[in-house]
Amino acid sequence: MSEIKSAHFPEDHERVVSIFREYVTSPTADLGFQNYETEFASLPGKYAEPDGCVLLAWNGDAVVGCAALRRIDEHTGEMKRVYVRPVARGENLGRRLVVQILETAHQMGYARICLDVLPEFTAAQRLYMSLGFRPSTPVSFNPVPGTLFLALEL
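For every chain, the first residue of its written sequence is number 1, and the numbers climb from 1 along that sequence. Restriction of local features to residues with pLDDT of at least 70 applies here, the model being predicted, together with a cutoff of 80 or more for giving and counting side-chain atom pairs; totals for whole chains, interfaces and linings are based on all residues. Each side-chain value is worked out from all heavy atoms of the structure, with water and hydrogens disregarded.

Visitor: I'd love a proper account of the sheet that holds strand β6 (residues 134-135), names of residues and values included.
Guide: The seven strands lie next to each other as β1-β2-β3-β4-β5-β7-β6, forming an open sheet whose pairing is mixed. The sheet terminates laterally at β1 (3-6) and β6, the two strands that pair on one side only. Note: two strands are recorded as paired if DSSP finds a minimum of 2 bridges between them. Segments assigned H or I by DSSP are reported as helices when at least four residues long, segments assigned E as strands when at least two residues long, and all are numbered from the N terminus. Bridge count for strand β2 (residues 53-59) against strand β3 (residues 62-71) is seven bridges, and the pairing is antiparallel. Across the sheet, the residue bridging to Trp-58 is Val-63, located in β3.

Quick look at the structure:
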C-alpha cells in the first residue's frame, strides 16, 4: 500500500514538478491558463507551510500520487493538483489523498475547502460528492466549459 507524506522543499522539488506536470497534461483541456510553469519554478510557492502543503504518495521510492492545498483567505483553503498515476489507481489512493488534505486543512484552521474539477474527471467528481462536497461559487479562475466548482464545510 502506498504511503502518503508531506513533500519537503527543496529535496522533493523535482518529484513534485514531475507529477504536477503529468497532472496538467492528463486532461484533454489545455490548462495553460493556470500559468503552471511559473508555479512549478517557484514551488512550494502558494503551497508553502503554514498556509498550505503538498502531499506525495509513495510506493517504495516512486511517487505515485499527489495533492496540494493553498490558502484563499483566513477561513478557506483550496485543494489543487489531486492526481494518481495510472499504475497506482484502484487502491483508493485518490480518496486517501483527499481525506488527508481535508484533515490537514482542518488542523491548519480552515473551515471550508474549495476546488474545481474538470468535466472529464468523472471519477474525481464522484469522489468529491461522496465526501460531501457540494456546488459552490468559484474561488479561482477556470474557463473550461463544464468545470464544477465545489466546496465542503469542515
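On we go.
Visitor: Requested: an account of the side chain of Arg-81, with residues and values cited.
Guide: Mapped onto the elements of the fold, Arg-81 is located in strand β4 (residues 76-84). In what follows, residue pairs with any heavy atoms lying within 4.5 Å of each other are defined as contacts. When residues no more than four places from it in sequence are discounted, the contact partners of Arg-81 are Phe-20, Tyr-23, Val-24, Gln-34, Tyr-36, Glu-39, Tyr-47, Cys-66, Ala-67 and Ala-68.

Visitor: Describe in detail the nonpolar core, supporting the description with residues and values.
Guide: Residues belong to one nonpolar core when they are buried, are Ala, Val, Leu, Ile, Met, Phe, Trp, Tyr or Cys, and are joined through side-chain atoms within 4.5 Å. Accessibility here uses a 1.4 Å probe with only protein chains present; expressed as a share of the type maximum, an area under 20% marks a residue as buried, one over 50% as exposed, and anything in between as partly exposed. Counting 26 residues, the largest nonpolar core has Met-79, Leu-93, Leu-97, Ile-113, Tyr-128 and Phe-133 as the members making the most contacts within it. Of all the secondary-structure elements, those providing two or more residues to this core are β2, β3, β4, α3 (93-107), β5 (112-117), α4 (122-130) and β7 (148-153). With six residues, the top contributor of residues to this core is α3. Those residues in contact with Leu-97, other than ones at most four positions away along the chain, are Ile-4, Leu-55, Ala-57, Gly-65, Cys-66, Ala-67, Tyr-83 and Val-84.

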